[in-house]
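Fold and contact review
Below are the chains, spelled out letter by letter.
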Amino acid sequence: MSSAESKVIVALDFEDKVQLHQVISQLKPQHCRLKIGITLFTHFGPLWIKTLQQQGFDIFLDLKFHDIPQQVQGACYEAANLGVWMMNVHALGGLAMLQAARSAVDRAAHHLPRKPLLIGVTLLTSSGEAELAMLGIKSTVDETVLRLATLCYEAGLDGVVCSAKEVALLKKRFGKDFLCVTPGIRLPEDDKHDQQRVMTPQMAVQEGSDYLVIGRSITHAKQPQTVLTHINESIVAL
Ligand code: C5P
């Protein structure tokens, strides 16, 4: 299997170097891609991206930019210049911010060997109806995700981050090429932790997920590579 065939993106959410090394040393770039989020990036900085790229890994830089358009434009340009495979912004930043992100990545792509995929975070998979109510949002989760995904589509983004529960709805509306990247993935025996809108890898792929972001189910396992192999085998034929 090559990383191009695996739908799994392993979320490296560590600030402990020993733990991080232990997990990475067991993973192979042929079997997964890696996600660098705010914890690891804030602790180790951009140099770590280069280190992992030199080992052959494709990197999803998950910094979820959300600021005024001019700031997001600058951040997206710099992120694209790191040579990452995928990067993201928060759709809640609005259409002008999403368009600024799109134009920054397009501009950087002129001098890059490959254009990074740019996706928008709809609603965090740790949020449900209760969080929406607290924010004063009266729409349901599905309505909110659909509205935010529409902004991403209109701004020309390559897709969205959403829960696997919304993939069928979004694929129906925006077509199969609009990428759906889904965190909130749990094996049947796993703890949900802080996630609310969860699904198993098989169910997520059957719903149409293009990529599965999986953190603790793999990284906190005694043998991360064994769990990853098991997940890859369980979804490869779906
Ligand atoms: O450990 P777990 O599998 O829950 O990790 C999920 C990862 O996906 C975390 O790195 C988190 O930042 C990320 N994520 C998420 N929900 C989103 C977007 C990203 O959980 N909507």
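A short tour of the structure in this document, coming up.

**Things to note about unusual backbone geometry**
- Not every positive phi belongs to a glycine, and K64 is a case in point at roughly 45°.
- Within the secondary structure, K64 sits in strand β3 (residues 59-65).
- Of note, H193 is a non-glycine position whose phi angle comes to about 50°, a positive value.
- In this fold, H193 is placed in the loop between β7 (179-182) and α9 (201-207).

**Notes on the packing of helix α4 (residues 69-81) against helix α5 (residues 95-109)**
- The geometry of α4 relative to α5 is characterised by a closest axis approach of 8 Å and an angle of 30° between their N-to-C directions. Considering their axes alone, α4 and α5 lie roughly parallel with respect to each other. Two packed elements cross with a definite hand, and for α4 against α5 that hand is right-handed. The segment α4 lies against α5, with P69, V72, Q73, C76, Y77, A80 and N81 engaging A96, M97, A100, A101, S103, A104, V105, R107 and A108.
- When its residues are assigned to classes, the contact of α4 with α5 shows 12 nonpolar, three polar and one charged.

**With respect to the site of the ligand**
- Contacts to the ligand come from 17 residues, most closely from D13, K35, T125, G215 and R216.
- Between an oxygen atom of the ligand and a side-chain N or O atom of D13, the distance comes to 2.6 Å.
- K35 places a side-chain nitrogen or oxygen 2.7 Å from an oxygen atom of the ligand.
- Relative to its unbound accessible surface of 470 Å², the ligand loses 88% to contact with the protein.
- Put simply, the parts of the chain that give the shell around the ligand at least two residues each are β3 and β8 (211-214).
- Here the residues of the shell around the ligand sort into eight nonpolar, three polar and six charged.

Calculation rules
Residues numbered from 1 in each chain as written. Predicted model: local features only at pLDDT ≥ 70, side-chain atom pairs only at ≥ 80, totals over all residues. Heavy atoms only, no water. Helix = DSSP H or I, 4+ residues; strand = E, 2+ residues; numbered from the N terminus. Axes fitted to C-alpha atoms, helices over the stretch in contact; angles between N-to-C directions. Parallel < 35°, antiparallel > 145°, perpendicular 65-115°, else oblique. Left-handed = near helix turned anticlockwise from the far one by under 90°. Contact = heavy atoms within 4.5 Å. Nonpolar A, V, L, I, M, F, W, Y, C, P; charged D, E, K, R; others polar. Near = heavy atom within 4 Å. Polar contact = N/O pair within 3.5 Å; in protein donor to acceptor, adjacent residues only side chain to side chain. Areas by Shrake-Rupley, 256 points an atom, 1.4 Å probe, with all protein chains shown as cover.

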